Amino acid sequence: MTLVLELVQQALLQVGFVDGLAEFVRPSTFAEVVLRGLSKAAIYVMIAAGLTLIFGLLGVLNFAHGALTMIGAYLGGLVMVLTVAQGTGPWARLALFFVAMAVVFGLLSALGGSIEVSLIRPLYDRPPIYQILLTFGVTLVLEELARIVVGFYGLQPLAEWQAALGTIPAFLETSQSLGPVSVRGLALFEILLGALTVAAIWGFLTRTRYGLFIRAGSEDSEMAEALGIDVRRVFTVVFALGAGVAGVAGTLLMWDPVWGASVPLAAESLLPAFVVVIIGGLGTFRGTVAGGLIVGLVDATTTWWFQNVVVEWTWLPEVAIFMILVVALIVRPQGIYGVEEVGGH
Amino acid sequence: MALLDVADIETYYGESHVLEGVSLSVERGDVVALMGRNGVGKTTTLRSILQLTPPRSGSVTYDGTDLVGRRTHEVAEMGVGWIPEDRRIFSQLSVAENLRVSVPDGDDVAEALSIAFETFPILEQRRDQAAGTLSGGQQQMLALGRGLVGDNDLLLVDEPSEGLAPQIVADVADALAAAASETTMLLVEQNLPLALDLADRFYVLDNGRVVDEGDADAVSADDDRLRRYLSA
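Residues numbered from 1 in each chain as written. Chains lettered and ligands numbered in written order. Predicted model: local features only at pLDDT ≥ 70, side-chain atom pairs only at ≥ 80, totals over all residues.

J.: What is the right way to read the overall build of chain B from this model?
T.: Assigned secondary structure in chain B consists of 9 helices and 10 strands. For chain B, the C-alpha radius of gyration of 17 Å lies close to 17 Å, the compact-globule estimate for 232 residues. Principal axes of the C-alpha set define a box for chain B whose edges measure 45 × 40 × 35 Å. The proportion of buried residues among the 232 residues of chain B is 46%. By sequence separation, contacts in chain B at least 24 residues apart represent 67% of the contacts at least 6 residues apart. (Helix = DSSP H or I, 4+ residues; strand = E, 2+ residues; numbered from the N terminus. Rg over C-alpha atoms; globule rule 2.2 N^0.38 Å. Buried ≥ 20, exposed ≤ 12 C-beta atoms within 10 Å, placed from the backbone. Contact = placed C-beta atoms within 7 Å.)

J.: Just to check I follow, could you spell out the confidence of the model for chain B for this structure?
T.: Detailed reading of predicted coordinates is not advised where the pLDDT is low. All names here are of chain B. On average, residues of chain B score 91 in pLDDT, and 98% of them are at 70 or above. Helix α1 (residues 42-50) holds the highest mean pLDDT among the elements of chain B, 97, whereas helix α9 (residues 224-230) holds the lowest, 75. The ipTM value of the predicted complex is 0.93, and its pTM value is 0.87. (pLDDT = per-residue confidence, 0-100.)

J.: I tried to follow the environment of Gly338(A) on my own but got confused; where do I start?
T.: Residues and elements named next belong to chain A. If you trace the backbone, Gly338 turns up in the segment after α15 (316-331). It is 34 Å that separates the C-alpha atoms of Gly338 and Thr29, two residues lying 309 residues apart in sequence. In this structure Gly338 touches Gly281, Leu282, Thr284 and Gly287, once residues within four positions along its chain are discounted.

J.: So what exactly am I meant to see when it comes to helix α4 (residues 109-119) of chain B here?
T.: For an α-helix, the turn length of 3.6 residues means that residues three or four places apart are oriented alike. Residue and element names in this part refer to chain B. Those residues of α4 that sit buried are Ala112, Leu113 and Ala116. Down the axis of α4, the buried side of the element spans an arc of 95°, and every buried residue falls inside it. Among the exposed residues of α4, those oriented more than 90 degrees off its buried face are Ala110 and Glu111. Against the buried residues of α4 lie α3 (95-102), α5 (121-125) and α6 (136-148). (Arc of directions from axis to C-beta.)

J.: I'm lost on the packing of helix α5 (residues 90-120) of chain A against helix α6 (residues 128-152) of chain A in this one. Help?
T.: Residues and elements named next belong to chain A. One way to put it is that α5 packs onto α6 with a least axis distance of 12 Å and a crossing angle of 130°. Between α5 and α6, the angle is such that the two are oblique. In terms of crossing hand, the pair formed by α5 and α6 is right-handed. The residues of α6 that touch α5, namely those facing Ile115, Leu119 and Ile120, are Gln131, Leu134 and Val138. Classifying every residue of the contact of α5 with α6 gives 5 nonpolar, 1 polar and no charged. (Axes fitted to C-alpha atoms, helices over the stretch in contact; angles between N-to-C directions. Parallel < 35°, antiparallel > 145°, perpendicular 65-115°, else oblique. Left-handed = near helix turned anticlockwise from the far one by under 90°. Nonpolar A, V, L, I, M, F, W, Y, C, P; charged D, E, K, R; others polar.)

J.: What exactly am I supposed to notice about the sheet that holds strand β2 (residues 16-26) of chain B here?
T.: Hydrogen bonds between backbone groups are what pair the strands of a sheet, and the pairing can be parallel or antiparallel. Residues and elements named next belong to chain B. Read from one edge of the open sheet, 4 strands run β2-β1-β4-β5, paired in antiparallel fashion. The sheet is open, and its two edges are formed by β2 and β5 (65-66), each paired on a single side. Taken together, the 5 bridges between strand β1 (residues 4-13) and strand β4 (residues 57-62) define a ladder with antiparallel strand orientation. Opposite Leu4, over in β4, you have Tyr62 as the bridge partner. Relative to β2, α1 is tilted by about 70°, and along the sheet it contacts β1, β2 and β4. (Pairing = 2+ DSSP bridges.)

J.: Please explain the pairing of strand β1 (residues 175-178) of chain A as it appears in this structure.
T.: Residue and element names in this part refer to chain A. Bridge analysis of β1 against strand β2 (residues 181-184) gives 4 bridges, and the strand direction is antiparallel. Paired with Ser175 across the bridge in β2 is Arg184. Adjacent in sequence and paired antiparallel, β1 and β2 are bridged by 2 residues, among which Gly179 carries a positive phi angle near 65°.

If you want it as structure tokens, here you go:
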């Protein structure tokens with residue numbers, strides 16, 4: 001037993017575990033990791049919010065959600081590339097970003113509403129596998145369309161769109177000092193935008209009559225219909241809203257060099273979104289916020305450890321995210337705030 | 001003209017033929033009891049009226065308008081309220097939110113809620129509590145309250161006393177009597193004394209067919225005429 005403990009101790013010393021731990025718990029390092037975690041959480045929540053709203057009410061697992069995020073990234077990038085000139089100042093760029101966000105939200109909402117009405121609505125009475133296959137098919141179509149369009153304009157579909165990345169204001173691209181902590185401006189902007197998105201969706205769900213209809217319909221759509229709520233229209237509005245939020249998340253990712261506007265963004269954003277909603281509880285918005293925070297903070301922590309202590313192997317943090325998913329499925333398969341059954345028609 | 005006229009409806013669940021030519025009518029201001037053993041089609045009759053389970057043939061006319069083919073929310077907007085058998089309150093919403101959902105667009109929400117709170121003061125005390133945490137009796141009161149605030153001209157009430165303690169049944173009976181003075185009601189109820197006490201007229205269903213009907217005053221709970229069908 002003593003021999004085993006000594007071997008473990010030696011192994012930890014060899015990978016610099018003790019030194020790494022000492023560095024990790026330094027207030028400035030820890031605060032930086034937490035801020036990076038919050039910025040990742042903000043992105044995950046923004047991507048997953050639409051997915052969970054749609055599943056909560058409609059009971060539809062929308063596999064096209066990542067593709068809608070990817071379209072949002074390209075459309076947001078298009079607006080920025082067309083409107084930002086060499087001499088456009090940083091604050092004007094920021095203002096144009098919000099214009100791009102509004103345009104993308106409108107266009108993606110219209111696209112999402114059209115998909116729900118024309119493709120998904122006829123399948124509500126069929127088993128869930130029909131909706132899964134359909135939305136997966138929509139993903140393939142949207143990805144191929146994006147590949148064709150992007151290729152036509154001479155852009156590399158697999159690499160991040162550099163021209164869109166280049167429209168970021170300087171103060172978001174550089175590191176900002178918050179006391180002893182140094183964080184990239186974009187991370188702070190992502191935290192701010194994520195918090196605003198959560199507040200806006202939360203306010204819509206809890207403070208408006210339509211939000212009340214959505215929450216009632218999520219619990220029992222037949223009863224809601226019998227009380228005079230046009231549940232079919234609520235379904236369309238929620239699908240449109242979910243698609244719009246996915247697009248807004250894509251617009252933000254267009255500026256993030258870790259993500260960027262590219263065709264693979266569709267799959268890259270869908271997988272963590274699924275992890276977040278499963279950990280939080282399928283169909284619950286507060287669960288998505290909690291799941292996003294957990295995944296974001298674990299992602300940032302493991303990223304720091306693997307990059308600074310163990311080995312620079314950048315995809316290992318992604319493995320950690322999926323390990324959380326495995327543990328969550330074993331310990332609490334319904335998720336943090338999940339209920340046994342949601343949605344339905 | 002009757003407020004509700006159901007004529008010869010045939011309703012199926014898949015291939016299962018549940019209602020085989022049910023006809024009934026409800027005059028404005030009346031309480032009509034729909035009685036019968038479990039599984040004879042009482043709840044399905046209410047679902048057919050609401051178009052939740054639309055009949056394959058026959059007609060459902062409400063206030064002169066044919067409801068068959070309309071969507072359920074349209075039927076509800078026309079003033080047909082439903083208080084279902086298993087309450088079906090929204091458990092994650094608060095008591096007040098459950099009531100607000102039922103208030104039609106354009107109506108004064110505070111005024112509508114006060115109707116439910118006057119009838120069931122306990123609901124006002126628990127207005128911010130999640131409805132799923134209420135007792136069974138309180139949940140039934142909430143379900144009834146939801147029907148009361150809905151500005152309905154016709155209430156379809158399904159087994160309101162089922163599974164409740166006797167004292168709660170008395171409260172529910174009082175609430176139903178109060179509601180009956182304001183609105184027309186089609187009441188599915190296996191508690192015969194309660195049903196006959198409230199009803200002006202009754203129908204008895206057996207195996208998806210109307211097998212008896214008449215004035216409630218003309219029968220009693222231990223009447224052989226009813227015992228034959230209800231095992232009362």
